[in-house]
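# Tertiary structure, described
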Amino acid sequence: MTGKNANGDFQGHSDESRAIWDANAEWWDDRIGDGNDFQCELIEPATERLIDAAPGKTILDIACGAGRFGRRMAALGARVVAFDFSERFIHRARERTPKDMRNIEYHVIDATDREQMRLLGAGRFDGAVATMCLMDMATITPLFGVLPELLKPGGWFVFSIMHPCFQPPGFRKFAEMHEEEDGFVVRAGVQITSYITPAVWKGDGIVGQPQKQYYFHRPLSLLLNTAFQHGFVMDGIEEPTFREKPAEGRYLRWDAMPEIPPVVVVLLRLAGAK
């Protein structure tokens, strides 16, 4: 862990974070650009249940990476405007987009810069999506501050993140064996020693990546209160878990913990929506 900050604002790390993601972009996309278990079983199905990507809708895809989920929304018929602060991710996103998919566009924009985001257009979007990226942002206040300007009246915002209750700084996975009437049983879980204080640290999102990335931990109360302070109300939440058990002996995987959600997906709406 490299630091704590009571308000969860770590703007001083933003430039280095961008450089790290540029260094990791192609490596990450080569490994999970076609989807992994977290994306295919947890994040994307839960997000799709909460969003409205019907034809005719215009959706903002925030910190889109190589554009996988933006293309999924475009395939459903929505008009998608996707952006990321990593030029290398946006280059990959454009390369991966079929030439006949004309209802998606990409921009290099920093989600921690309110003025850059304003250029996307006031009142333009029916909704916005931020897929597994808020915990990668040095500050979230500019984003929550500008979204009410970019969204249409009653617009929605769906974000997914690593579940801060179960993956805070310094969390540990464990497995323990004990004997019951039917024999020995192994149960796996997580152990946490800190949660409420926002913190920043470096770690590997995927083992072996070129550079360790920054993680910005914020408790749910800070995340949601930031949204509420900028005119949003919470209208839905999912905490998806794996249901298929891993191979025998692989007790520290998330799919060995069907009662513990590794991610959380939240639906917000601008207050006053009917």
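Going by the structure above, here's the rest.
Here's what I pulled together on the structure shown here. Bear in mind that the values here come from a model prediction, so they are computed numbers and not experimental data.

So, how was this worked out
Residues numbered from 1 in each chain as written. Predicted model: local features only at pLDDT ≥ 70, side-chain atom pairs only at ≥ 80, totals over all residues. Heavy atoms only, no water. Patch = residues over 30% accessible without salt bridge, like charges linked within 9 Å, V, L, I, M, F, W, Y side chains within 5 Å. Areas by Shrake-Rupley, 256 points an atom, 1.4 Å probe, with all protein chains shown as cover. Salt bridge = Lys/Arg side-chain N within 4 Å of Asp/Glu carboxyl O. Helix = DSSP H or I, 4+ residues; strand = E, 2+ residues; numbered from the N terminus. Buried < 20%, exposed > 50% of the residue type's maximum accessible area, 1.4 Å probe, protein only. Core = buried A, V, L, I, M, F, W, Y, C linked by side-chain atoms within 4.5 Å. Contact = heavy atoms within 4.5 Å. Phe/Tyr/Trp six-rings, centres within 6.5 Å; stacked < 30°, edge-to-face > 60°. 1 Å grid on protein atoms, 1.4 Å probe; cavity = no way out; pocket = protein on both sides within 12 Å on 5 of 7 lines; lining within 4 Å. Points joined across faces, edges and corners; volume = space filled by probe spheres on them. Nonpolar A, V, L, I, M, F, W, Y, C, P; charged D, E, K, R; others polar.

### Topic: a nonpolar patch on the surface
The grouping of F228, M234 and I237 at the surface amounts to a nonpolar patch, some 260 Å² of accessible area in total. Inspection of the secondary structure puts M234 in strand β11 (residues 232-238). Residue M234 is classed as partly exposed on the basis of its relative accessible area, which comes to 38%.

### What about the nonpolar core?
Counting 47 residues, the largest nonpolar core has L60, I62, L134, L147, F157, F232 and L268 as the members making the most contacts within it. If we skip the residues at most four places from it in the chain, L134 touches I140, L143, F144, F159, I161, R218 and L223. Listed in part, the 22 residues of the second largest apolar core include A46, C64, I90 and Y106.

### Notes on the packing of aromatic side chains
Tallying each qualifying case throughout the model produces 11 aromatic pairs. Residues F157 and F232 carry aromatic rings whose centres are separated by 6.4 Å and whose planes lie at 50 degrees to one another, so their mutual orientation is tilted. In this pair, F157 sits in strand β6 (residues 151-162) while F232 sits in strand β11, placing the two residues 75 residues apart along the sequence. A relative accessible area of 2% means that F232 is categorised as buried.

### Quick notes on the side chain of E44
In this fold, E44 is placed in helix α2 (residues 37-50). E44 sits in the buried class, given a relative accessible area of 3%. When near neighbours in sequence (up to four residues on either side) are disregarded, E44 contacts Q39, R68, F69 and R72.

### Remarks on empty space enclosed by the protein
As enumerated under the stated definition, the model contains 1 cavity of 30 Å³ or more in all. Within this model, the largest cavity holds a volume of roughly 130 Å³. Lining the largest cavity are 13 residues, with M135, M162, F216, H217 and R218 positioned closest to its centre. Taken together, the residues that form the lining of the largest cavity break down as 9 nonpolar, 3 polar and 1 charged.

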